[in-house]
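Spelled out, the chains give:
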Amino acid sequence: MPNYKTNSSAVVFHGDQGPCYFTFPALTETGLCRHAFSTRLGGVSRGRYASLSLSFFMGDDRQAVYENYRRLCGAIGVDEKRLVFGDQVHSANVRVVTEADAGKGILRERDYSAVDGLVTNVPGLPLATLYADCVPLLFLDPVKKAVGCSHAGWKGTAASIGRRTVEVMREAYGSDPGDILACIAPSIGPCCYEVDEPLREAFSRIPDVSPDGLLRPKGEGKYMLDLWETNRRILLAAGIKAAHITLAGICTCCHADIFHSHRATAGRRGSLAALIALTE
């Protein structure tokens, strides 16, 4: 396995053996959760999906994807049979996950739709969201003992799914936003994310978020958009402390040899996953 080097001190790369993935020391050091953000390395998928692909819906062999989950979940110490998935449609909808949801999306059919964020306070119940450039947001409330993960594509970011996740944690578990730790995992960076005028307008209207510096004009109606900073500002507006927000700062498009990237491959790719579970 490669010994991937990163200039980011915000994350740790695990790649000595088995599936390769990243973790955040900010979460690990609490001892309250197990988590990972995957790479494309260390699995059994082939072709465009090689080798660690984690979507059952991109055309990959289902048994290969399940084996990839078995390996990744085994590496971080969670039960793949209990994984709970959203139904990602680029919404800002967040579901409160309970024991009754265990296994939905991997061994059982989901009885819900249009869910891009998941939160739970059930120990040992791992949450999973999928990516290939969009922004993964991981949450831990170390006081009320709750976790969450949310998928923030441009639509979810513009609809403030990060803020909505914090609101749902407060409503469901009594979480104080000032206690919550939030992590922004590897995703497409401001170096690679080109957008057009309609997106510029959408990002200029996010409540309580200054658009200053989020979009860099490129000419001919094109802009380079900073989804990382946009989501960081949304989390700040939601009440999370600046010191409690960790940014990986690694672009998935720049590192398409390490990550599945939709933009770098024109959609011919597998999927990454963010996993998080409270320790039992």
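Computed from a prediction, not measured in an experiment: that's the story for all the values here.

(A) Structural view of the overall build of the protein. The helix and strand inventory of the protein stands at seven helices and 15 strands. Once the C-alpha set of the protein is aligned to its principal axes, its extents read approximately 45 × 45 × 35 Å. Sorting the 280 residues of the protein into buried and exposed places 57% on the buried side. In the protein, 65% of the contacts between residues at least 6 apart in sequence involve partners at least 24 apart.

(B) Structural context of helix α4 (residues 161-173). Compared with an ideal rise of 1.5 Å per residue, which puts 13 residues at 18 Å, α4 spans 18 Å between its outermost C-alpha atoms and is within 8% of the ideal. Taken as a whole, α4 has its buried residues at Ile161, Gly162, Arg163, Thr165, Val166, Val168, Met169 and Tyr173. Buried positions along α4 lie against β5 (94-96), β6 (117-120), β8 (135-141), β9 (146-152), α3 (154-158) and α6 (227-237).

(C) Layout of the pairing of β8. By the criterion of burial, β8 is predominantly enclosed, with seven of the seven residues buried. By the bridge criterion, seven bridges tie β8 to β9 in an arrangement that is antiparallel. Counterpart to Leu140 in the pairing with β9 is Val147. The antiparallel pairing of β8 with β9 creates a hairpin that spans four residues between the two strands, and Lys145 there sits at a positive phi of about 60°. Sheet topology note: the β8/strand β10 (residues 181-184) ladder contains four bridges and is antiparallel. Counted as the bridge partner of Phe139 is Ala182 from β10.

(D) Main features of unusual backbone geometry. With an omega dihedral of -10°, the bond running from Ala50 to Ser51 counts as a cis peptide bond. Its location among the elements puts Ser51 in the loop between β3 (33-38) and α2 (62-76). Positive phi values are uncommon outside glycine, yet His90 reaches one of about 65°. Following the sequence through the fold, His90 ends up in the loop between β4 (84-85) and β5. Its relative accessible area of 36% is what places His90 among the partly exposed residues. Unlike most non-glycine residues, Glu220 shows phi in positive territory, near 55°.

(E) Representation of the pairing of strand β12 (residues 215-219) in the model. Both β12 and strand β13 (residues 222-225) contribute to a ladder of four bridges, which runs antiparallel. From the neighbouring strand, Gly219 faces β13, where its bridge partner is Lys222. Hairpin connection from β12 to β13: two residues lie between these consecutive antiparallel strands, with Glu220 at a positive phi of about 55°.

So, how was this worked out
Residues numbered from 1 in each chain as written. Predicted model: local features only at pLDDT ≥ 70, side-chain atom pairs only at ≥ 80, totals over all residues. Heavy atoms only, no water. Helix = DSSP H or I, 4+ residues; strand = E, 2+ residues; numbered from the N terminus. Buried < 20%, exposed > 50% of the residue type's maximum accessible area, 1.4 Å probe, protein only. Contact = heavy atoms within 4.5 Å. Expected span 1.5 Å × (residues − 1). Pairing = 2+ DSSP bridges.

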